[in-house]
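The chain contents come next:
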Amino acid sequence: MIPPLPPSETSPAADLRPAASGRDERAGRLLLLLATLLLLVTSLRNITGPWEHGLRGGVAARYTDVAVAVNLKYGLAVTHGLPGFVIEVAGKLEQNVNHHHPPYYWLYVSFWGWLLGHTPMALRIGQLLLFFPGLFAVYLLVRRFASPQAAGWSALLFATAPLIAYYGPMVLQDGAVLGCGLWTLWRYQRLCDAPNVRNWLACAGLFFASASWDFSGYWWGPAMFVLAFAQRRKLAALLQVVGMFPVSLLAFGVMAWHFGFDPKIGSAAGYVHELLTLIHLESHGIAETVDLARFGEAMAVVWFEHFNIGLLVLALAGIAIAARDAALRPLLLVGAATLLPGLLNYGSMFRHAVDHPFWSVHGFAGLCVFAAAVPALGGPLRALALVLAGCVAIGGHLGTHRLITNHEVVETNDTIAVMRKAVPLLDGVSTVMTSAPAVTQVQIEHMSMAYAIDTAEKLQGFVALGREKQFRDQVGFIVHPEHADPELVRVLDSLAPRQVGPDGILVYRLGFAPQNDTVAVVEKAAPQLDGCATVLTSAPPVAHPKIGKFELIYGVDDVTKLDELVAKVRRQQIRETFGFVLHPQHAPQDLKARLDSLAKGKAIDGGVVVYQLRLVE
């Protein structure tokens, strides 16, 4: 049962709309009940089965599955609870951490895997506990500013919007952020209605949790800012939003401290440097890779291929209706507040967003709020408005069903059977190539598969690409007994030792460690460069912009280049310690003499000399 609003918490629009009748209340609650049942049906569908590997979203959710498996297998002593892959390199475990997101969503889901077993059902239950409350938050927010029927319709449209109903229960942080973010917004409304310590702590705690699941959780801060303008006491409401700013700083600080456990980062400051580098690379990537045509394709996927166009049309109609109807006008601010996180999430990482439809899910609740103004319309057009809203809800639910069934197909030919036999020989490998023919399922267990690498030419092309891109992970290769081209096997034998699996399956572990001696030289010097965030080197440039936790400046191979950098550092009064790695093949005597005048060098294996330069006292 939805609790009634306390009498003291009157809506800003209470004097503009008539009091709700018992019939309206019952209609709103019935619509909420229907919405709950429909969302449960789509969320729990085949919860124990292999549908999309039990996680929803295929490749998108695969990362969750791998991160949980790694946490459970190796334990927090190895993984530190950081999201990433663990691989074995030269007999040692090495973790490749994903620094793009806070680690706590994967820790949370790992808890459910530990508690109930690493199964699709366990992970999806954990997801639903975060996502599902968003449905009731939408209802309560709209009920606070409009009629019970409008609130019920907003909940029903939320439950049947294909993008929400399909991606929300997916075991990935986007649905978790949506659910927690919406509940944060509702708790903020309660705080504005009744400012007290209990309500502040509830709102602050939920905001901290939302920001801890993913960076997109921070966008619910601006959402609260917009909702503040719907309050009677706007200044007091805005001050409450300002009071949430330290909470966001605390969430970031805890995350940065946690990422400091990664040896490649080393500290909270190192994580901040890593994050700024990623943002810098992303800003360059947008200009280079995204154009209007690609954006148009992405919009076609979201609205048409994912069957959300009906909700968009209804939302636009709702905006027009709410703008003309004083009783419904507060829905414009509520809708804007719940739409804003999606717009900010999409715009902040635009290059990634156009490739991932689920990045839009954060703002879809706003469309449901806008659209609810249509069935709330009174007068002679009410019957038509109700029919239109009903058609959108039915169409959305059918569209969700079609999205689900299109992804339920799991191929079971002999390719998958062969892959599964080889899995025990590929522990710790996340990417696997195979000579087997392609199938619908593109993933086996926790491994991403590249199929039909069935000729020596294809393999050699992949090896060349791996070396060019400086790919540092191990890659598995499975030779299907019926697709074992002799020349392909000969090339594989020249690359790595073979393992013979069941039924004559050949398994290889391929390494694409950098072939450029630049990388080897700098990595050899890394232990001598603790405390240096920036490292200069006389080595020639390579494809890697970074090695480990250092920002590298390559090709400082003569005195003139070194003096120019020294002058710049002194002119700008940069008081950090710089590293310098003198490559043995790029070490003219005058350059070494100049370095020796600046600091005492340390010679290490292979003739490499390492300096720590403090250029400004």
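Everything quoted here is computed from the prediction, not taken from an experiment.

## Focus: the overall build of the protein
Secondary structure summary: the protein contains 26 helices and 14 strands in total. With 617 residues in all, the protein has 51% of them scored as buried. In the structure as shown, the protein presents an accessible area of about 26600 Å², 64% of it carried by carbon and sulfur atoms.

## Here we look at the pattern of salt bridges
Summed over the entire model, instances satisfying the criterion amount to 11 salt bridges. Salt-bridge contacts for Arg144 lead to Asp193; the nearest nitrogen and oxygen are separated by 2.5 Å. Placement of the pair is Arg144 in helix α6 (residues 133-145) and Asp193 in helix α9 (residues 173-193), with a sequence separation of 49 residues. Just as Arg144 is buried, Asp193 falls in that class too. Here Lys561 makes a salt bridge to Asp557, at a shortest N to O gap of 3.0 Å. The class of Lys561 is partly exposed, set by a relative accessible area of 35%. On the accessibility criterion, Asp557 (29% relative accessible area) is partly exposed. Taken together, the shared-partner salt bridges in this structure form one network comprising Glu25, Arg29 and Arg143.

## Focus on α9
Each α-helix winds once per 3.6 residues, and so residues spaced three or four apart point in a common direction. For α9, spanning 21 residues, the distance from its first C-alpha to its last is 30 Å, which sits close to the expected 30 Å at 1.5 Å a residue. The buried fraction of α9 is high, at 20 of 21 residues.

## Examining the environment of Gly366
Structurally, Gly366 is set in helix α19 (residues 364-371). Considering only alpha carbons, one finds Gly366 and Thr338, 28 residues apart in sequence, at a separation of 4.4 Å. When neighbours within four sequence positions are excluded, Gly366 is seen to be in contact with Gly335, Thr338 and Leu339.

## Focus: the packing of aromatic side chains
Scanning the model with the defined rule gives 19 aromatic pairs in all. Measuring from centroid to centroid gives 4.7 Å for Tyr166 and Tyr167, while their planes differ by 75°, and the two rings are edge-to-face. With respect to class, Tyr166 is no different from Tyr167; both count as buried. Aromatic ring contacts, followed pair by pair, group Tyr105, Trp106, Tyr108, Phe111, Trp112, Trp114 and Trp213 into a single cluster. Sitting over the ring of Phe145, Arg144 keeps its end group 5.5 Å from the ring centre.

## Digging into the packing of α9 against helix α11 (residues 220-228)
Close contact between α9 and α11 brings their axes to 10 Å; oriented N to C, the two are set at 35°. Relative to α11, the crossing made by α9 is right-handed. Contact with α9, carried on its side by Val177, Leu178, Gly181, Leu182, Thr184, Leu185, Tyr188 and Gln189, involves Trp220, Ala223, Met224, Leu227 and Ala228 of α11 and no other residues of that element. The residue makeup of the contact of α9 with α11, split by class, is 10 nonpolar, three polar and no charged.

## Looking at the nonpolar core
Ranked by size, the top nonpolar core spans 118 residues in total, and within it Leu135, Phe158, Ile164, Tyr188, Trp213, Leu227 and Leu311 carry the most contacts. With 10 residues, α9 is the largest single contributor of residues to this core. Not counting chain neighbours up to four residues away, the residues in contact with Tyr188 comprise Cys203, Met224, Leu227, Ala228, Ala237, Leu238, Gln240 and Val241.

## Looking at the side chain of Thr534
Relative to the helices and strands, Thr534 is located in strand β9 (residues 534-537). Taking relative accessible area as the criterion, Thr534 reaches 13% and is therefore assigned buried. Side-chain polar atoms of Thr534 contact the side chain of Glu576, separated by 3.2 Å. Excluding residues that lie within four positions of it along the chain, Thr534 makes contacts with Glu551, Ile553, Glu576, Thr577, Phe578 and Gly579.

## Structural notes on the packing of α6 against helix α17 (residues 330-348)
Taken N-terminus to C-terminus, the directions of α6 and α17 make an angle of 155°; their axes are 9 Å apart at the nearest point. As the angle between them shows, α6 and α17 are arranged roughly antiparallel. Seen from above, α6 lies across α17 with right-handed handedness. In this structure, α6 contributes Leu141, Val142 and Phe145 to the contact, and α17 contributes Pro330, Leu331, Val334 and Thr338. Among the residues making up the contact of α6 with α17, the classes are represented as six nonpolar, one polar and no charged.

## As for the state of the cysteines
Enumeration over the complete set of coordinates arrives at zero disulfides. Cys192 forms no disulfide, and the closest cysteine sulfur to it belongs to Cys203, at a distance of 8.1 Å.

## With respect to helix α16 (residues 309-324)
Its 16 residues place the ends of α16 23 Å apart at the C-alpha level, agreeing with the 22 Å of an ideal helix rising 1.5 Å per residue. Within α16 the residues assigned to the buried category are Leu311, Leu314, Ala315, Gly318, Ile321 and Ala322. Projected onto a plane normal to the axis of α16, the buried residues spread over an arc of 125° and lie on a single side. Residues of α16 that are exposed and point over 90 degrees away from its buried face: Val313, Leu316 and Arg324. Contacts from the buried residues of α16 go to α7 (148-160), α17, α19 and α20 (382-406).

## Some remarks on the environment of Phe364
Within the secondary structure layout, Phe364 lies in helix α19. In contact with Phe364, not counting residues within four places along its chain, are Leu163, Ile164, Val302, Trp303, Asn308 and Leu311.

## Observations concerning the environment of Phe477
Mapped onto the secondary structure, Phe477 falls in strand β6 (residues 474-479). Placed 15 residues apart in sequence, Phe477 and Leu492 show a C-alpha to C-alpha distance of 8.6 Å. Ignoring any residue separated from it by four or fewer positions in sequence, one finds Phe477 in contact with Met433, Thr434, Ser435, Ile453, Leu459, Leu488, Leu492, Leu506, Val507, Tyr508 and Leu510.

## Topic: the confidence of the model for the protein
Predicted confidence across the protein gives a mean pLDDT of 85, with 86% of residues reaching 70 or more. Below pLDDT 50 for its whole length, residues 1-18 participates in 34 contacts with residues either more than four positions away or in separate chains.

## A closer look at a nonpolar patch on the surface
A surface patch of nonpolar side chains, amounting to about 450 Å² of accessible area, comprises Leu30, Leu33, Leu37, Leu40 and Leu44. Position of Leu40 relative to the elements: it lies in helix α1 (residues 22-44).

Conventions adopted
- Residues numbered from 1 in each chain as written.
- Predicted model: local features only at pLDDT ≥ 70, side-chain atom pairs only at ≥ 80, totals over all residues.
- Heavy atoms only, no water.
- Helix = DSSP H or I, 4+ residues; strand = E, 2+ residues; numbered from the N terminus.
- Buried < 20%, exposed > 50% of the residue type's maximum accessible area, 1.4 Å probe, protein only.
- Areas by Shrake-Rupley, 256 points an atom, 1.4 Å probe, with all protein chains shown as cover.
- Salt bridge = Lys/Arg side-chain N within 4 Å of Asp/Glu carboxyl O.
- Expected span 1.5 Å × (residues − 1).
- Contact = heavy atoms within 4.5 Å.
- Phe/Tyr/Trp six-rings, centres within 6.5 Å; stacked < 30°, edge-to-face > 60°.
- Lys NZ or Arg CZ within 6 Å of the ring centre and 35° of its normal.
- Axes fitted to C-alpha atoms, helices over the stretch in contact; angles between N-to-C directions.
- Left-handed = near helix turned anticlockwise from the far one by under 90°.
- Nonpolar A, V, L, I, M, F, W, Y, C, P; charged D, E, K, R; others polar.
- Core = buried A, V, L, I, M, F, W, Y, C linked by side-chain atoms within 4.5 Å.
- Polar contact = N/O pair within 3.5 Å; in protein donor to acceptor, adjacent residues only side chain to side chain.
- Parallel < 35°, antiparallel > 145°, perpendicular 65-115°, else oblique.
- Disulfide = S-S within 2.5 Å.
- Arc of directions from axis to C-beta.
- pLDDT = per-residue confidence, 0-100.
- Patch = residues over 30% accessible without salt bridge, like charges linked within 9 Å, V, L, I, M, F, W, Y side chains within 5 Å.

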